[in-house]
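Tertiary structure, described
Each chain is listed here by its residues.
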Amino acid sequence: MQSKLSDIALIQQTLAGDQSAYADLVKRHQRYVFTLAMRFAKVREDAEEIAQDCFIKAYRSLASFQGQAKFTTWLYSIVYTTSMTFLRKKRVATDSIDDENTFIQVEEKASAYDINNAENKSRSFYLNQAIEQLLPDDAAIITLFYKGEQSLEEIAVALGMEANTVKVKLFRARQRLKEKLERNLKHEAQELI
Amino acid sequence: MNNMEEILWNFIDGNCTAEEQKTITGLIAGDESYRLKYQELMQLNNEFSAMELDEPSMAFTYNVMEVIRTEHAHVPLKATINKRIILGITIFFVLTLMTLLVVVFANFNWAGQKSPVNLSLGFTMPDINFSKARPLLEGFLFFDVVLGLYLFDTWLRRRNLAKQV
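Let me begin by describing the structure that accompanies this report. (Residues numbered from 1 in each chain as written. Chains lettered and ligands numbered in written order. Predicted model: local features only at pLDDT ≥ 70, side-chain atom pairs only at ≥ 80, totals over all residues.)

**Comments concerning the overall build of chain B**
Each helix and strand in chain B was counted, giving seven helices and two strands. Along chain B, from the amino end to the carboxyl end, the secondary structure elements read α-α-α-α-α-α-β-β-α. Across the 165 residues in chain B, those meeting the buried criterion constitute 4%. For chain B, contacts bridging at least 24 residues in sequence account for 36% of all contacts bridging at least 6. (Helix = DSSP H or I, 4+ residues; strand = E, 2+ residues; numbered from the N terminus. Buried ≥ 20, exposed ≤ 12 C-beta atoms within 10 Å, placed from the backbone. Contact = placed C-beta atoms within 7 Å.)

What follows is the structure in structure tokens.
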């Protein structure tokens, strides 16, 4: 049995011309990258396009990866910039990205969908639904912190922010997520009654 | 209220000092409101940690690698040539020419009277003594012959391979 190679070892093999090593790297991180892209794009097709673009960009500039930070931190910084560029290209202006009202439509659609599928819902379903209703930055920070195995400092590097800013944003994002989760569950309970 | 939550989240995330941890542990143990809030936040924390990642399509890796392969195939020949090889060849020829020039000028008999060419302007061709440079010239010619044979052999091999294909 071949032991699992580290990210750095796979990068070195890729730089030496072994493309299959990069395929392994893509397989290893595709779910994280795709999930993060989903937090911004909200649509599967768009998220897949962003994620694909990120891996291609990472491949092109792999030689410039210094190895000072984790590969994932470097990769997530690419995801963040690519997602933001994608959103801008989609003519979603920066002010509307930061505007929570933009996501009210998503919220309403999700609520309507809930009523028809009440029996099949678990708490994790509601959690995912609540994350979808968050602002992209909030959703990204929560995903990076809980699923991306990134510390506050690493998230700060990936998102190009100060560590303290990330700490405050994480706190607020958790509060908003908690509120949305409670509201969705309350709404669901009322519908059942 | 927010302050309590902030303190507890810091405690849960492990961003507190040892002293702060001790204080908060005491508060959770002794204060009912802290204990309840801590339990609530811990439950949320566990739920956040257990959230599932989204899965891209089955062909995701293949699609990425296909784009990379296509890009590689489109790289022009100019970009695939190793510039170090070109530089190496250049250095070799420059050094060879310089050496030859130095040897020739070192053996130049500027006051020579034995030039077979007698120019009408009173200029006599210098007498060049090749006796000292002979081993060097022989070595250079030998290297050229070996290089020529090597290149000829490579060309023959390629031609045979092309015929087989």
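Okay, back to it.
**Observations concerning the nonpolar core**
Across soluble globular proteins, nonpolar side chains show a tendency to be buried alongside one another. All names here are of chain A. Formed by 49 residues in total, the largest nonpolar core has its most connected members in Val 33, Ala 37, Ala 51, Cys 54, Val 79, Ile 141 and Ile 155. The greatest single-element share of this core, amounting to eleven residues, is contributed by helix H2 (residues 19-41). In terms of domain composition, this core takes at least three residues from each of domain 1 (1-92) and domain 2 (99-193). (Core = buried A, V, L, I, M, F, W, Y, C linked by C-beta atoms within 7 Å. Domains from an automatic or database assignment.)

**Things to note about unusual backbone geometry**
Excluding glycine, residues mostly have negative phi values, and the peptide bonds linking residues are mostly trans. Residues and elements named next belong to chain A. Backbone geometry at Lys 42 places phi at a positive 70°, although glycine is not the residue there. As for its placement among the helices and strands, Lys 42 is situated in the loop between H2 and helix H3 (44-60). C-beta crowding within 10 Å serves as the criterion here: with 17 such atoms nearby, Lys 42 is assigned to the partly exposed category.

**Things to note about the interface of chain B and chain A**
Across the boundary between the two partners, chain B contributes 21 residues, which contact 26 residues of chain A. Looking at the side of chain B that touches chain A, the elements that each hand over two or more residues are helix H1 (2-13), helix H3 (32-49) and helix H4 (60-73) of chain B. When grouped by side-chain class, the residues that make up the side of chain B that touches chain A number twelve nonpolar, four polar and five charged. (Nonpolar A, V, L, I, M, F, W, Y, C, P; charged D, E, K, R; others polar.)

**With respect to the packing of H3(A) against helix H4 (residues 71-89) of chain A**
Between two packed helices, both the angle of their axes relative to each other and the distance between the axes serve to describe the pair. Residue and element names in this part refer to chain A. Contact geometry for H3 and H4: axes closest at 9 Å, N-to-C directions at 130°. Between H3 and H4, the angle is such that the two are oblique. Of the two possible hands of crossing, H3 and H4 adopt the one that is right-handed. Only Leu 75, Ile 78, Val 79, Thr 82, Ser 83 and Phe 86 of H4 make contact with H3, whose side of the interface consists of Asp 46, Ile 50, Asp 53, Cys 54, Lys 57 and Ala 58. Taken together, the residues of the contact of H3 with H4 sort by class into seven nonpolar, two polar and three charged. (Axes fitted to C-alpha atoms, helices over the stretch in contact; angles between N-to-C directions. Parallel < 35°, antiparallel > 145°, perpendicular 65-115°, else oblique. Left-handed = near helix turned anticlockwise from the far one by under 90°.)

**Here we look at H3(A)**
For H3(A), which comprises 17 residues, the first-to-last C-alpha distance of 24 Å matches the rise-based estimate of 24 Å (1.5 Å per residue) to within 8%. Considered for burial, the residues of H3(A) that qualify are A:Ala47, A:Glu48, A:Ile50, A:Ala51, A:Gln52, A:Cys54, A:Phe55 and A:Ala58. Close packing links the buried residues of H3(A) with H2 and H4 of chain A together with H4 of chain B. (Expected span 1.5 Å × (residues − 1).)

**Points about the packing of H4(A) against helix H9 (residues 152-159) of chain A**
Residue and element names in this part refer to chain A. Two elements in contact, H4 and H9, have axes whose closest approach is 7 Å; the angle formed by their N-to-C orientations is 40°. Compared by their axis directions, H4 and H9 come out oblique. As for the relative orientation of H4 and H9, their crossing is right-handed in sense. Where H4 abuts H9, its residues Thr 73, Tyr 76, Ser 77 and Tyr 80 lie against Glu 154, Val 157, Ala 158 and Leu 159. The residue makeup of the contact of H4 with H9, split by class, is five nonpolar, two polar and one charged.

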